[in-house]
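# Structural features, examined
Listed here are the chains, written in short residue letters.
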Amino acid sequence: MMKNKETISAQQPKSENIAWSDSLVAAELRAGLMGHKPVTVWFTGLSGAGKSTIARACEVTLVKRGVKAFILDGDNVRHGLNSNLGFSPEDRTENIRRIGEVCKLFTDAGLIVFSAFISPYKSDRNLVRERHPAGGFIEVYVDASLEVCESRDVKGLYRKARAGEIPEFTGISAPYEAPDAPELRIKTGEKTVAESVAEVIGYLEANKYIPV
Ligand code: ADP
């Protein structure tokens, strides 16, 4: 994918004389207060793969256990934060960059964040990963074939895309770049929702992000 200069330099402040100041509260102290290790759990996959279903269930599972978790989901941010962005490659990149920054801020604040966006470009996901401290970013590849996603067609979007009513639709007329080395890969075509959720929760427990 071609990236323009503005996108590449988007991590840098546009203005000079902008200094970063760290919080006086150490990340470890905040994590201790929370009782869990803050982390961004980043779901990526085709539309209809199951990102939102799994992320929403994970959020509710954790909150019921008293863990402070929050979800950033699909179209919601396009109503507010990213209402000025479309689906061109540049806008998709900026969409993910902003979401990644919000995830980082929420994890800085001590939360476990579940993010459920197609996020089709590897380079965009890797930029988000780089913005997090080591161990602060878990990439979950919600892996379902185009055929499976299209047969589910949860929102009727594939039908519309095939009819040419939605331009730049991921998997049909826009690319999806699967992760090479995600922390987790869930093949939702071969699993129940409950099994898929249990895989994520199990990973968080096994790697001591949350207490068992
Ligand atoms: P996405 O957020 O990736 O666009 P959704 O979560 O909105 O996808 O839709 C996924 C659909 O697939 C839902 O109807 C869900 O019930 C179904 N589904 C079937 N098996 C699974 C699974 N193992 N994990 C997640 N969703 C599944």
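Before reading on, note that the structure itself is shown above.
These lines cover the structure that appears in this document, whether it is placed above or below. (Residues numbered from 1 in each chain as written. Predicted model: local features only at pLDDT ≥ 70, side-chain atom pairs only at ≥ 80, totals over all residues. Heavy atoms only, no water.)

### Details of the site of the ligand
- Taken together, 16 residues surround the ligand, and among them Gly48, Lys51, Ser52, Thr53 and Lys191 come closest.
- In this structure, an oxygen atom belonging to the ligand sits 3.2 Å away from a main-chain N or O atom of Ala49.
- Between the ligand and Lys191, the relevant distance is 2.8 Å, taken from a nitrogen atom to a main-chain nitrogen or oxygen of the residue.
- Here the ligand loses 79% of its free accessible area of 570 Å² to cover by the protein chains.
- Where the shell around the ligand is concerned, the elements lending two or more residues are α3 (51-64) and α9 (193-206).
- For the shell around the ligand, the element with the most residues is α3, which contributes four residues.
- When grouped by side-chain class, the residues that make up the shell around the ligand number five nonpolar, eight polar and three charged. (Near = heavy atom within 4 Å. Polar contact = N/O pair within 3.5 Å; in protein donor to acceptor, adjacent residues only side chain to side chain. Areas by Shrake-Rupley, 256 points an atom, 1.4 Å probe, with all protein chains shown as cover. Helix = DSSP H or I, 4+ residues; strand = E, 2+ residues; numbered from the N terminus. Nonpolar A, V, L, I, M, F, W, Y, C, P; charged D, E, K, R; others polar.)

### Some details on the side chain of Glu94
- Within the secondary structure, Glu94 is located in helix α5 (residues 89-108).
- At 2.9 Å, the side chain of Glu94 forms a polar contact with the side chain of Arg97.

### Remarks on the nonpolar core
- Val41, Phe43, Leu62, Ile112, Phe114, Val200 and Leu204 are the most contacted members of the largest nonpolar core, which totals 33 residues.
- Those elements that provide at least two residues to this core are β1 (39-44), α3, β2 (69-73), β3 (112-116), β4 (137-143), α8 (157-162), β5 (184-187) and α9.
- Excluding residues that lie within four positions of it along the chain, Val200 makes contacts with Val41, Phe43, Ile54, Cys58, Phe114, Leu184 and Ile186.
- Counting twelve residues, the second-largest nonpolar core is a separate cluster that includes Ile96, Ile99, Val113 and Phe137. (Core = buried A, V, L, I, M, F, W, Y, C linked by side-chain atoms within 4.5 Å. Buried < 20%, exposed > 50% of the residue type's maximum accessible area, 1.4 Å probe, protein only. Contact = heavy atoms within 4.5 Å.)

### Examining the environment of Ser123
- Locating Ser123 in the fold gives a position in helix α6 (residues 122-131).
- In sequence terms Ser123 and Glu101 are 22 residues apart; their C-alpha atoms lie 15 Å from each other.

### Digging into the pairing of β4
- In terms of burial, β4 is a largely internal element, seven of the seven residues being buried.
- Residue alternation in β4 divides its side chains into two sets, Phe137, Glu139, Tyr141 and Asp143 and Ile138, Val140 and Val142, and both sets are buried.
- Of the pairings in the sheet, the one linking β1 to β4 comprises five bridges and is parallel in character. Its bridge partner being in β4, Val41 is matched across the sheet by Ile138.
- Where β4 meets β5, four bridges bridge the pair, whose relative direction is parallel. Its bridge partner being in β5, Val142 is matched across the sheet by Ile186. (Pairing = 2+ DSSP bridges.)

### As for α5
- Taking 1.5 Å as the rise per residue, α5 with 20 residues should run 28 Å; its terminal C-alpha atoms sit 28 Å apart, in good agreement.
- Just beyond α5, the residue with positive phi is Gly110, at close to 105°. (Expected span 1.5 Å × (residues − 1).)

### What to know about the pairing of β2
- Buried residues dominate β2, accounting for four of its five residues.
- Two elements, β2 and β3, share five bridges in a ladder whose sense is parallel. When the bridges of β3 are listed, Ala69 appears paired with Ile112.

### Overview of the sheet that holds β2
- One open sheet accounts for five strands, arranged β2-β3-β1-β4-β5; its pairing is parallel. This sheet does not close on itself; its edge strands, each paired only once, are β2 and β5. Mean inter-strand twist for the sheet, computed between neighbouring axes without regard to direction, equals 20°.
- The strands that α6 touches are β1 and β4; relative to β4, the one it contacts most, it runs at about 155°.
- Across the sheet, α9 lies against β1, β3, β4 and β5, angled at about 165° from β5, the strand it touches most. (Axes fitted to C-alpha atoms, helices over the stretch in contact; angles between N-to-C directions.)

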